[in-house]
Amino acid sequence: MTELELMLDFHLEAKRQGPGSTDDTLKALSFMDLKQDKVLKIADIGCGSGGQTITLARKLNGEITAVDLFPQFLAKLKTKAAELGLAPKIKTLKKSMDELPFGSEEFDIIWSEGAIYIMGFEEGIKQWKKHLKVGGYLAVSEITWTTASRPAEIEEYWHNEYPEINTASAKIKILEENGFSPVGYFYLPESSWIDNYYRPMEERFEDFLIKHNYSEAAERLIENEKDEISLYQKYKDYFSYGFYIAQKLN
C-alpha cells in the first residue's frame, strides 16, 4: 500500500479530514445575504467525506455539487446523504479542483473548507472566480497566522509545508485585488482543532496500526500525525484556519 493509500485509509472513517465544525460552517453562512425563496447552486470544492456538505444541504435551499478527487470520500458522502434524506440536494463529482468542468457564472456560492491550499489561495480564487455569479459568495478556510510575529520553529515548519501561509490582512488583500468584497472573517477556535479533528484522530491510532500489522509505513504515518498535534498544542496561539467570506463584484 502506498503512502497516499495509507493516508486515505486512515482518514476515510473520520467525520472530517481537517479542523472545522458545524458551528464554523453555519457562522460562515451567516455573513451571506441570501434570499430564502431562491433555489441556489452551490459547489463544495475539496469536500472530503462531506461534513460541511451535509450542513450546507440541511441549511440551504438548493443543489450542491460536492467535488473531490478521491471516490472513497464521495462514496461516504453519498451514503450519509442517503441516510439523512438529503440525496436529492447533493450530487458528487470526482474531479481535480484545478480541472473543474463548470460553466461561466454557474454558482451562487463556492465553498471550500481547508482545501484551497492544494492549489494555493490566490490561484484557487483566480480560477474559481469565473464559475461564480456576480454578487455570488466565496467561502474558504485557509491556514493563517493569527499574530504579527511567531517563534522560528513554527514559522519554519509552516513555510516548508505551505509557503503561502500569511496573515488575514494579506489574504483579504488578495481577495480585494481579484474582484471580491470581503463580507466576513473569523478564525477557527481551538475546539475545532482538538474536539473535532485531533482527538477523534488519536482515537483511531491503535485500530489503524493493528489493521496494518504495525507496518513501518503505518507507524511512520502515525508518528507524523502525533508530531503535527504536538506542534499545534505548542503553537496554537500563533496560527489557525481563517475563514474568509467574500462577494464577487465583477
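Residues numbered from 1 in each chain as written. Predicted model: local features only at pLDDT ≥ 70, side-chain atom pairs only at ≥ 80, totals over all residues. Heavy atoms only, no water.

Per an unreviewed UniProt entry, the protein chain goes by Methyltransferase domain-containing protein. Turning to the protein chain, the UniProt record has this under Catalytic activity (unreviewed entry): "phosphoethanolamine + S-adenosyl-L-methionine = N-methylethanolamine phosphate + S-adenosyl-L-homocysteine + H(+)". (UniProt positions renumbered as here; feature names shortened; annotations may be inferred.)

Peer 1: How should the pattern of salt bridges be read in this particular structure?
Peer 2: Within this structure, the stated rule accounts for 17 salt bridges. Ionic pairing is found between Lys 38 and Asp 108, a salt bridge with its closest N-O pair at 2.9 Å. Of this pair, Lys 38 sits in the loop between α2 (22-30) and β1 (40-45) while Asp 108 sits in strand β4 (residues 107-113), and the two are 70 residues apart along the sequence. Judged by relative accessible area, which is 6%, Asp 108 ranks as buried. (Salt bridge = Lys/Arg side-chain N within 4 Å of Asp/Glu carboxyl O. Helix = DSSP H or I, 4+ residues; strand = E, 2+ residues; numbered from the N terminus. Buried < 20%, exposed > 50% of the residue type's maximum accessible area, 1.4 Å probe, protein only.)

Peer 1: Sorry, what's going on with the packing of helix α1 (residues 3-12) against helix α9 (residues 216-235) here?
Peer 2: When two helices pack together, their arrangement is given by the angle between the helix axes and by the axis-to-axis distance. Relative to each other, α1 and α9 sit at 60°, their axes nearing to 10 Å. When the interaxial angle is binned, α1 and α9 end up oblique. The two elements α1 and α9 meet at a crossing, and its hand is right-handed. Side by side, α1 and α9 meet where Glu 3, Leu 6, Met 7, Phe 10 and His 11 of the first sit next to Ala 217, Ala 218, Arg 220, Leu 221, Ile 222 and Glu 225 of the second. Across the contact of α1 with α9, the residue classes break down as seven nonpolar, one polar and three charged. (Axes fitted to C-alpha atoms, helices over the stretch in contact; angles between N-to-C directions. Parallel < 35°, antiparallel > 145°, perpendicular 65-115°, else oblique. Left-handed = near helix turned anticlockwise from the far one by under 90°. Contact = heavy atoms within 4.5 Å. Nonpolar A, V, L, I, M, F, W, Y, C, P; charged D, E, K, R; others polar.)

Peer 1: Can you walk me through the environment of Met 201 in this structure?
Peer 2: Relative to the elements of secondary structure, Met 201 occurs in helix α8 (residues 190-211). For Met 201, a relative accessible area of 0% corresponds to the buried category. Each C-alpha atom, one on Met 201 and one on Ile 222, is 9.6 Å from the other, the two residues being 21 residues apart in sequence. Setting aside residues no more than four positions away along its own chain, Met 201 makes contact with Phe 10, His 11, Glu 225 and Ile 229.

Peer 1: Hey, could you run me through the UniProt feature "domain: Methyltransferase" (unreviewed entry) in the protein chain in this one?
Peer 2: Mapped onto this numbering, the UniProt entry annotates "domain: Methyltransferase" (unreviewed entry) at residues 42-136. A distance of 10 Å separates the end C-alpha atoms of residues 42-136, which is 33% helix and 29% strand.

Peer 1: What is the right way to look at α2 in this model?
Peer 2: Owing to its 3.6 residues per turn, the α-helix aligns residues three or four sequence positions apart on the same side. Taken together, the buried positions of α2 are Asp 24, Thr 25, Ala 28 and Leu 29. Across the axial projection of α2, the buried residues extend over an arc of 140°, all falling on one side. Residues of α2 that are exposed and angled more than 90 degrees away from the buried face: Asp 23 and Ser 30. Buried residues belonging to α2 abut α3 (51-59), β4, β7 (180-187), α8 and β8 (239-248). Where α2 begins, the capping side chain belongs to Ser 21, and its oxygen is found 3.3 Å from the backbone nitrogen of Asp 23. (Arc of directions from axis to C-beta. Polar contact = N/O pair within 3.5 Å; in protein donor to acceptor, adjacent residues only side chain to side chain.)

Peer 1: Whenever I open this one, unusual backbone geometry confuses me. Can you help?
Peer 2: If a residue is not glycine, its phi is most likely negative; likewise, a peptide bond is most likely trans. Residue Glu 105 is not a glycine yet carries a positive backbone phi of 50°. Residue placement: Glu 105 occurs in the loop between β3 (90-94) and β4. For Glu 105, a relative accessible area of 39% corresponds to the partly exposed category. Here Tyr 214, not a glycine, exhibits a phi torsion of approximately 50°, which is positive.

Peer 1: When you look at the packing of aromatic side chains in this model, what are you seeing that I'm missing?
Peer 2: Two aromatic rings, taken as a pair, are described by how far apart their centres are and by the angle between their planes. Under the definition given, this model contains 20 aromatic pairs. Seen in terms of ring centroids, Phe 10 and Phe 208 are 5.1 Å apart; in terms of plane orientation they differ by 75°. Their pairing is edge-to-face. Here Phe 10 is found in helix α1, whereas its partner Phe 208 is found in helix α8, with 198 residues between them in sequence. Each member of the pair Phe 10 and Phe 208 is classed as buried. Looking at Lys 41, its charged tip hangs above the ring of Phe 107, at a distance of 5.4 Å from the centre. Lying over the aromatic face of Phe 10, Arg 204 brings its terminal NZ or CZ to 4.5 Å of the ring centre. (Phe/Tyr/Trp six-rings, centres within 6.5 Å; stacked < 30°, edge-to-face > 60°. Lys NZ or Arg CZ within 6 Å of the ring centre and 35° of its normal.)

Peer 1: What's the story with the packing of α8 against α9 in this structure? I'm lost.
Peer 2: Across the interface, α8 lies against α9 with an axial gap of 11 Å and an inter-helix angle of 155°. In terms of their interaxial angle, α8 and α9 are classed as roughly antiparallel. As for how α8 packs across α9, the hand of that crossing is left-handed. Of the residues in α9, those in contact with Glu 190, Trp 193, Ile 194, Tyr 197, Tyr 198, Met 201, Glu 202, Phe 205, Phe 208 and Leu 209 of α8 are Ala 218, Glu 219, Leu 221, Ile 222, Glu 225, Lys 226, Glu 228, Ile 229 and Tyr 232.

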